[in-house]
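Tertiary structure, described
In case you want the letters, here they are:
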Amino acid sequence: EEESSEEEEESSDDEDDDDDDKKKKATTAAGSDDSDDEESAASITSEEFLSAHNDLCEVCSGVGDDDAPLLCCATCTLVFHQRCHRPVLVKEPPDNWSCAYCDDSGVTQHKRDSRERKRASKGVREMKKMTEEQAERERAEATAARAAS
């Protein structure tokens, strides 16, 4: 019985090591070309990364497509169309990009009075207003559709 409990403990330790390795790979920037093993691990990590994120844009609730892909925040599960995010994203951000909600909340560790946090805070207010306006338009369309039928 002692041998089986030792084997179970070793197996559990191996599983914990595997979990730690997965977490390390998930936090490492994807895209290393050093070997096939690292390449396949990066693709699995990318799939896990994408599956952890929302499916709809936080602002407009739209899906991503070839013309307007969704950008994933590296520090939370939110996604945005480039055109919906505020402050405006002039070009596609890097893979380790964090959204304005994360910058505003302090998750990205910008100082409270920093220019980055102030811009993010303003952007969050603008995105919330855009979301409310979108919801109001949808309510008005639904009301008009009910009235028409």
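What you see is a predicted model; the values in this text were computed from it and never measured. (Residues numbered from 1 in each chain as written. Predicted model: local features only at pLDDT ≥ 70, side-chain atom pairs only at ≥ 80, totals over all residues. Heavy atoms only, no water.)

1. Points about helix 4 (residues 115-148)
Between the first and last C-alpha of helix 4 there are 49 Å, a value that for 34 residues agrees with the 50 Å anticipated at 1.5 Å per step. For helix 4, the complete set of buried residues consists of Arg117, Ala120, Gly123, Val124 and Met127. The elements touched by buried residues of helix 4 are strand 2 (79-81) and helix 3 (100-105). (Helix = DSSP H or I, 4+ residues; strand = E, 2+ residues; numbered from the N terminus. Expected span 1.5 Å × (residues − 1). Buried < 20%, exposed > 50% of the residue type's maximum accessible area, 1.4 Å probe, protein only. Contact = heavy atoms within 4.5 Å.)

2. Remarks on the pattern of salt bridges
Tallied over the entire structure, the rule returns 2 salt bridges. For Glu126, the salt bridge is made with Arg86, and the minimal N-O distance between the two is 3.9 Å. Placement of Glu126 in helix 4 and of Arg86 in the loop between strand 2 and helix 3 is noted, with a sequence separation of 40 residues between them. Given the relative accessible area of 31%, Glu126 is considered partly exposed. (Salt bridge = Lys/Arg side-chain N within 4 Å of Asp/Glu carboxyl O.)

3. Remarks on the confidence of the model for the protein chain
The share of residues in the protein chain with pLDDT of 70 or more is 70%, and the mean pLDDT across the chain is 76. No element of the protein chain has a lower mean pLDDT than helix 1 (residues 2-27), which averages 40, and none a higher one than helix 3, which averages 95. Note that pLDDT drops below 50 for residues 1-44; the model gives that stretch 8 contacts with residues more than four away or on any other chain. (pLDDT = per-residue confidence, 0-100.)

4. Remarks on the packing of aromatic side chains
In the structure shown here, the tally under the stated rule is 2 aromatic pairs. On the basis of an interplanar angle of 85 degrees and a centroid distance of 6.2 Å, the ring pair of Phe80 and Trp97 is categorised as edge-to-face. Of this pair, Phe80 sits in strand 2 while Trp97 is found in the loop between strand 2 and helix 3, placing the two residues 17 residues apart along the sequence. For the pair formed by Phe80 and Trp97, the shared burial category is buried. Taking the centre distance of 6.1 Å and the plane angle of 15 degrees together, the rings of Phe80 and Tyr101 count as stacked. One end of the pair, Phe80, is in strand 2; the other, Tyr101, is in helix 3, with 21 residues separating them in the sequence. Neither Phe80 nor Tyr101 differs from the other in exposure class; each is buried. Following the ring pairs from residue to residue traces out a cluster consisting of Phe80, Trp97 and Tyr101. (Phe/Tyr/Trp six-rings, centres within 6.5 Å; stacked < 30°, edge-to-face > 60°.)

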